[in-house]
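Chain residues, written in single-letter form:
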Amino acid sequence: MNESLIDLRSWRQFVAVAEELHFGRAAQRLHMTQPPVTQAIAQLEKTLGVVLFDRTRRRVALTPAGEALLPDVRELLARAQALPARARAAAAGQVGRVRIAFVSTVGFEQLPDWVREFRVLCPEVALELVEATGDVQLEAFARGEIDAGLMLHSPGAAPPGLARLAVSQEPLVLALPQRHALASARTLPLAEVLAEPLVIFPRRIVPSLHDAVFALYHAAGRAPQLAQEAIQMQTIVNLVSGGIGVAWVPESVTQFRRAGVVYRGADEFAPAGRRRALPVLPRCETSLVWPAAAANPALERFIAFVRERQPAAARGAK
């Protein structure tokens, strides 16, 4: 008999004899007669190649090998007993793993709150987090390295081919160097702002949002003066602080308190003319995305968890 083929029944018989130190009482406990138990222990010892019990007419005692084996066998049986319940919990999404990629803007507020709350609700679901831009997330999906992603894009312009759940919408705001003359202006003339050197993320990172920013310039008859491209929003804000240029960033980035930077929203801009309305600045949307054919109960539970926490504005954007 191969050692790997020792069944749980043999291990249960070993534990019963080890705890009772009597073959007759162990057999009664197992609802068996004594001879099959005696034979089973002898076969187990033969398979292992070690003696587990010292036997005399008056007593049964564990050998050092039996003593060493007993705690591990008890743990094995306890784990085996828990397997059916664990399988049901896994099927219900209460046990498992969810690999989530996220853009930096989600990490300022939403994601930390979600992780904290989800761990309380589903302590046996491991959330594996990795910060990644949208283009990197798409590559990770293609390689099967992530289960879900939190991506930034223009409203309604999530990458095709993925199921999605819109979780937030927010406006873009202008990040200005604090030393800039416009930083302290009561209102910002849009024409002057659009003439400033621009710090922006590469188009491949968030194509729809990149295009929306450029459309703002083109609608005013201007072409952006690109000063520098940077991938991470924190880096973009740091470059603004250094006076490299101005940047359009999601409103959530204002929580990144970088010295030397001020943020101005749409209501602080001046109309282009007396009869013109305030400029309409681009908005951005964050979506939770995942492969539509994914079969991961833990992921399904996380999606349901996030859906319950959607703000009303995001529900309308699904």
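To be clear, the structure that these remarks concern was listed above.
Residues numbered from 1 in each chain as written. Predicted model: local features only at pLDDT ≥ 70, side-chain atom pairs only at ≥ 80, totals over all residues. Heavy atoms only, no water.

**Q** Quick question: what am I supposed to make of the overall build of the protein here?
**A** Helices and strands together make up the secondary structure of the protein, namely eleven helices and 13 strands. Relative to a compact globule of 318 residues, whose C-alpha radius of gyration would be 20 Å, the protein shows 32 Å and is clearly more extended. Once the C-alpha set of the protein is aligned to its principal axes, its extents read approximately 110 × 35 × 30 Å. With 318 residues in all, the protein has 45% of them scored as buried. A sequence separation of at least 24 residues applies to 71% of the contacts in the protein between residues at least 6 apart. (Helix = DSSP H or I, 4+ residues; strand = E, 2+ residues; numbered from the N terminus. Rg over C-alpha atoms; globule rule 2.2 N^0.38 Å. Buried < 20%, exposed > 50% of the residue type's maximum accessible area, 1.4 Å probe, protein only. Contact = heavy atoms within 4.5 Å.)

**Q** Would you explain empty space enclosed by the protein in this entry?
**A** Any empty space left between atoms is shown by rolling a water-sized probe over those atoms. Here the structure, examined in full by the defined rule, presents one cavity of 30 Å³ or more. Grouping the constituent residues of the lining of the largest cavity by class yields nine nonpolar, five polar and one charged. (1 Å grid on protein atoms, 1.4 Å probe; cavity = no way out; pocket = protein on both sides within 12 Å on 5 of 7 lines; lining within 4 Å. Points joined across faces, edges and corners; volume = space filled by probe spheres on them. Nonpolar A, V, L, I, M, F, W, Y, C, P; charged D, E, K, R; others polar.)

**Q** Sorry if this is basic, but what is going on with the packing of aromatic side chains here?
**A** What describes a pair of aromatic rings is the distance from one ring centre to the other and the angle between the planes of the rings. With the rule as written, the count across this model stands at seven aromatic pairs. Taking 6.3 Å as the distance between ring centres and 65 degrees as the angle between the ring planes, the aromatic pair formed by phenylalanine 23 and phenylalanine 53 counts as edge-to-face. Placement of phenylalanine 23 in helix 2 (residues 23–29) and of phenylalanine 53 in strand 1 (residues 53–55) is noted, with a sequence separation of 30 residues between them. Overall, the relative accessible area of 1% leaves phenylalanine 53 in the buried class. These aromatic residues form a ring-pair network of at least three members: Trp11, Phe14, Phe23 and Phe53. (Phe/Tyr/Trp six-rings, centres within 6.5 Å; stacked < 30°, edge-to-face > 60°.)

**Q** What exactly am I supposed to notice about the pairing of strand 6 (residues 163–177) here?
**A** Counting buried positions along strand 6 yields twelve of 15 residues, so the element is predominantly enclosed. As judged from the eight bridges shared by strand 6 and strand 13 (residues 283–290), these two strands associate in the antiparallel manner. Pairing of proline 171 across the sheet is with arginine 283, part of strand 13. Summarising the sheet, strand 6 and strand 10 (residues 247–250) pair through four bridges and their orientation is antiparallel. Looking at the pairing, leucine 172 lines up with proline 250 of strand 10. (Pairing = 2+ DSSP bridges.)

By themselves, these are just geometric observations and shouldn't be taken as functional.
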